[in-house]
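Read off the chains here:
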Number of protein chains: 2
Amino acid sequence: MAEQLDSFLQGSWRAGEGAPTPLVNPATEATIATVRAIQGSLADALRHGREVGGPALRAMSFAERGELLERIAKLVHEQREHLIDVAVANGGNTRGDAKFDIDGGIAVLAHYAELAKTMGREPWLALDEAEPIFRNSKIRAGHVLVPRHGVAIHINAFNFPAWGMLGKAAVSLLAGMPVLCKPATSTAHLAHRIVQLMVEREILPAGSFQLLMGSAGDLLDHVGPQDVIAFTGSQGVGIQIKTHPVVVARGTRVNLEADSLNAVVIGPDVDGELFDLVIRDLVVELTQKAGQKCTATRRVLVPEALFERVRDTLVERLADLKIGDPSDKAVRMGPLSSAAQLADARKGIELLQQDAELLRGDPRRSEGFVGVAPERGYFLEPIVLVAKPERVAAPDAAFHQHEVFGPVTTLLRYDGSIAAAAKLLALGQGSLVGTVYADDREWLRSAIAELGPWLGRLVIASEKFAGASMSPGCVFPVANHGGPGRAGGGEELGGRFGLALYMQRVALQSGASQLAKLLEGK
Amino acid sequence: MAEQLDSFLQGSWRAGEGAPTPLVNPATEATIATVRAIQGSLADALRHGREVGGPALRAMSFAERGELLERIAKLVHEQREHLIDVAVANGGNTRGDAKFDIDGGIAVLAHYAELAKTMGREPWLALDEAEPIFRNSKIRAGHVLVPRHGVAIHINAFNFPAWGMLGKAAVSLLAGMPVLCKPATSTAHLAHRIVQLMVEREILPAGSFQLLMGSAGDLLDHVGPQDVIAFTGSQGVGIQIKTHPVVVARGTRVNLEADSLNAVVIGPDVDGELFDLVIRDLVVELTQKAGQKCTATRRVLVPEALFERVRDTLVERLADLKIGDPSDKAVRMGPLSSAAQLADARKGIELLQQDAELLRGDPRRSEGFVGVAPERGYFLEPIVLVAKPERVAAPDAAFHQHEVFGPVTTLLRYDGSIAAAAKLLALGQGSLVGTVYADDREWLRSAIAELGPWLGRLVIASEKFAGASMSPGCVFPVANHGGPGRAGGGEELGGRFGLALYMQRVALQSGASQLAKLLEGK
């Protein structure tokens, strides 16, 4: 019988009472484990986090909390091979995909553990030098961040069960907020396994980390003004959370990372090594995690003069891609994570085809995948479309409106100017990441000003450091993750900035010397 | 006939078509002017802001935009006497109240004008030093703020027609975002007059400032992902804005300043000059603007041992307060701003009386006000209540749940510990400002950690600088304004921090030297 993955709530493992949901291997469709949702109220779990976990974390210094992160990072690193196997089986991940997820989680933990060492001994973080409240006043005001007294509710996406959970947890734990993590069910085996290991080793203080398997139940009915909800997933669910009556009435802080029609803008001067980088990045973003990344490239803006070269090279590079069961080490791209995702992606491609021509890939292909029987598994080969010229700048064109969450991208012709690129990029209504490839510095400076407002992160790639450049979908803990508008308006990571989500910025107003003494401590 | 106050949209004055709403003098009930709402769509006004105002502002440097603020500040200062008269007549303000509002607006303009001079020549603000994306990488990531490409929609409260409008405008204009300002109708004469003066002098570039009189019409149906809505007012309207389907679907950024049950915590060691300051501040917060300030003190936590002394001194100090028509210079407190506000406050006091005893003041008093005929004007004398001992710590007690927007405050007994104070303060579910009066440094340090998470600003007053301390309801541009939870979760002002509301924080990821060159400019 398949293992049942229990929730870890109020300090103990708790079996759900809901109907069992199978977790499957998306390459073979074999059942790996089952999850049963908690049917009772989750009010007590939130209270446990607030009353037990919060005080325990806040009793520690930033440095001590950083040590917790270090210990989690070490544990995950030590169990890496085992965890990769879990990710390959339940996530449809290639080994490379699994490492990207797991090592990404370790990287965030390690970054914040390192940052913790620089954060001083006070129970707050000073943000600025206090200034007189008006000219010549003896009274000054300065700002500090203090940990919020609630629970950090992390509702994670199916695509990064390790990175999503560990990355969000690293930041909240360091900030001093206990976590209640609800992974997406379909790929939750990896998250569950990591939490099992953390609990076995007793790394975290009681109440500071809870795991909720299956549906969120009545969780949102019990949130309060000091809780934080950090959600990664679809815009639809994001909107449900944001407009939930209790969330709204209590003023619970919400951070969303939702849909994102990330664009790449190829500059008119791209050539040589930079051209190779463009193609390499496009292939990575199309195939890594089978394109199931919120930062994957969905729209590629190609200058007219380069269009045929980009198109043909990309298609050629994709020709010998090995797709199949990711437990076979020769395979470079695995399946989508579930039957529902595959159905959704296929429907999305049909939508895109109203405004774009299919250039490469058969959305219905269901055989010839390495190590997989025909009609088995949730495979989708890479799909490249070309926007119909008359639809390129249409605000309602599907490629500007609808994210297909799989190995799917659309090429759009443009005139090579930043003005035109900015207009097209803006039709996506806000994205997590945008990328520009160019050497012309004036062109790049306009890109910062004109594309920047629509983005959470702008990757600027030039010839000189093309070899060192990282593909845009890779998220680093030092850089902001989150974008405006459709992307949800969230802000996560970004080094120190990321802590603000879990803390309250409070202005302290007092006499100059009193303030200095209070902030310095004894 | 009363003057009709038109809207200023798309570069010209536009008469509304709605039924005329009278603006009255709340002391005499005489009609001063009328407002008629725009009936047509406001989509074009927003487009005008985005397409004309935004580019014009962004073509200027921060320093140049700062000069605009300076010119507005000078104009308001030059017209100060005239504007005070307008505020006294339409706002029910005493001269002191009117100055507080108008000079407050000037102060924000002046502060940001000064700040502008330090902001460099680039079209963005650098926020940090770029860091390697991982150890030894040649690629770095740093963060900048770039102006958003939308309109800043300012929906202001009736209590500060000058400060509310000018303060919000100062920050957005400096950030590079055009403004569409909708003042609260009942006291809009002052805002309208200031805009008239600004338009006459042609201070601002076309499209960068629009004024919408009357209702917001269909404004929210046309917001986009780059727009920002900054709202100050009641929680109910705040929730309507936050959950408006278009606001939510487009991911429009929303900043709310809503209800706030601001608390004052009197330390057990308060005596001498600090005791006098407590009483002085309580009187100011109760009577200034007739208590119609979102930062006014609604709950006063008094240690048992000090209770009678605080209660009796406060009541005594209020005994000879002159209430009446504020055009009489002897008057220290004017009426509430409208009949609706008075009715609302009276209803609220009834609610409070379920959980508190009326100590001082008659909510129904309607005569004996200086220079006012009986039964005329919207007067409410200062009301002080004392929480029933058994209701002090009840989460559902009205004084923890319901803000009465007038000269109304409730005294609560507590044991003098920060632990107890924190529990009571938290029952307010998040406030704009909290205040502690004490000298004990350990007690004050706990206050920062334990009260801080519930506040946007914490005022710390001690004996040594009691003479210089400013009453907590006074908001300074250097300090954050906005609080968690019930207070709306917003963040405004706070010097440089305030600009972030109107800008997008974007991580720039590129080669180390390329990034440095791009950010420095030529």
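You'll find the structure just up there.
Reading the values: rules and limits
Residues numbered from 1 in each chain as written. Chains lettered and ligands numbered in written order. Predicted model: local features only at pLDDT ≥ 70, side-chain atom pairs only at ≥ 80, totals over all residues. Heavy atoms only, no water. Contact = heavy atoms within 4.5 Å. Buried area = accessible area lost by both parts, 1.4 Å probe. Salt bridge = Lys/Arg side-chain N within 4 Å of Asp/Glu carboxyl O. Polar contact = N/O pair within 3.5 Å; in protein donor to acceptor, adjacent residues only side chain to side chain. Helix = DSSP H or I, 4+ residues; strand = E, 2+ residues; numbered from the N terminus. Nonpolar A, V, L, I, M, F, W, Y, C, P; charged D, E, K, R; others polar. Pairing = 2+ DSSP bridges. Axes fitted to C-alpha atoms, helices over the stretch in contact; angles between N-to-C directions. Phe/Tyr/Trp six-rings, centres within 6.5 Å; stacked < 30°, edge-to-face > 60°. Buried < 20%, exposed > 50% of the residue type's maximum accessible area, 1.4 Å probe, protein only.

### A word on the interface of chain A and chain B
Piece 1. Each partner contributes to the interface: chain A provides 79 residues, whereas chain B provides 79 residues.
Piece 2. Interface area for chain A against chain B, summed over the two sides, is near 7,000 Å², with a carbon-plus-sulfur share of 60%.
Piece 3. Per-residue buried area on chain A facing chain B is highest for Arg445, Arg505 and Gln509 of chain A; these three make up 11% of the total on that side.
Piece 4. Taken together, chain A and chain B are joined by four salt bridges.
Piece 5. Among the salt bridges present, the one from Arg445 of chain B reaches Glu122 of chain A, with a minimum N-O distance of 2.7 Å.
Piece 6. Summed over the shared surface of chain A and chain B, the number is 30 residue pairs in polar contact (both at pLDDT 80 or more).
Piece 7. Looking at the side of chain A that touches chain B element by element, the count peaks at eight residues for strand S23 (residues 503-511) of chain A.
Piece 8. When the residues that make up the side of chain A that touches chain B are grouped by side-chain class, the tally is 37 nonpolar, 22 polar and 20 charged.
Piece 9. Pairing between strand S20 (residues 455-461) of chain A and strand S23 (residues 503-511) of chain B: three bridges, direction parallel. The partner of Val459 of chain A across the bridge, within S23 of chain B, is Gln509 of chain B.

### Regarding the sheet that holds strand S5 (residues 31-35) of chain B
The pairing of strands in a sheet happens through backbone hydrogen bonds and is either parallel or antiparallel.
Residue and element names in this part refer to chain B.
Piece 1. The sheet built from three strands is open, its strands ordered S1-S5-S4 with mixed pairing. Two strands lie at the open edges of the sheet, namely strand S1 (3-5) and strand S4 (21-24), each paired on one side alone. Between one strand axis and the next, the sheet turns by 40 degrees as a mean value, whatever way the strands run.
Piece 2. Judged from the three bridges that link them, S1 and S5 form a sheet pairing that is parallel. Each bridged residue has a counterpart across the sheet, and for Glu3 the counterpart in S5 is Ala33.
Piece 3. The strands touched by helix H6 (residues 189-200) within the sheet are S1, S4 and S5, with S1 carrying the most contacts at an inclination of about 80 degrees.

### Re the packing of aromatic side chains
Piece 1. Summed over the entire model, instances satisfying the criterion amount to 12 aromatic pairs over all chains.
Piece 2. Seen in terms of ring centroids, Phe158 of chain A and Phe405 of chain A are 5.8 Å apart; in terms of plane orientation they differ by 80 degrees. Their pairing is edge-to-face. Within this pair, whereas Phe158 of chain A is found in the loop between strand S9 (152-155) and helix H5 (161-175), its partner Phe405 of chain A is found in the loop between helix H12 (398-401) and strand S18 (408-414), the two being separated by 247 residues in sequence. Exposure class is identical for Phe158 of chain A and Phe405 of chain A. Each is buried.
Piece 3. Relative to Trp13 of chain B, the ring of Phe8 of chain B lies with its centre 5.0 Å away and its plane at 55 degrees, an arrangement referred to as tilted.
Piece 4. Members of the aromatic cluster, each reached through a chain of ring pairs, are Phe100, Phe160 and Trp163 of chain A.

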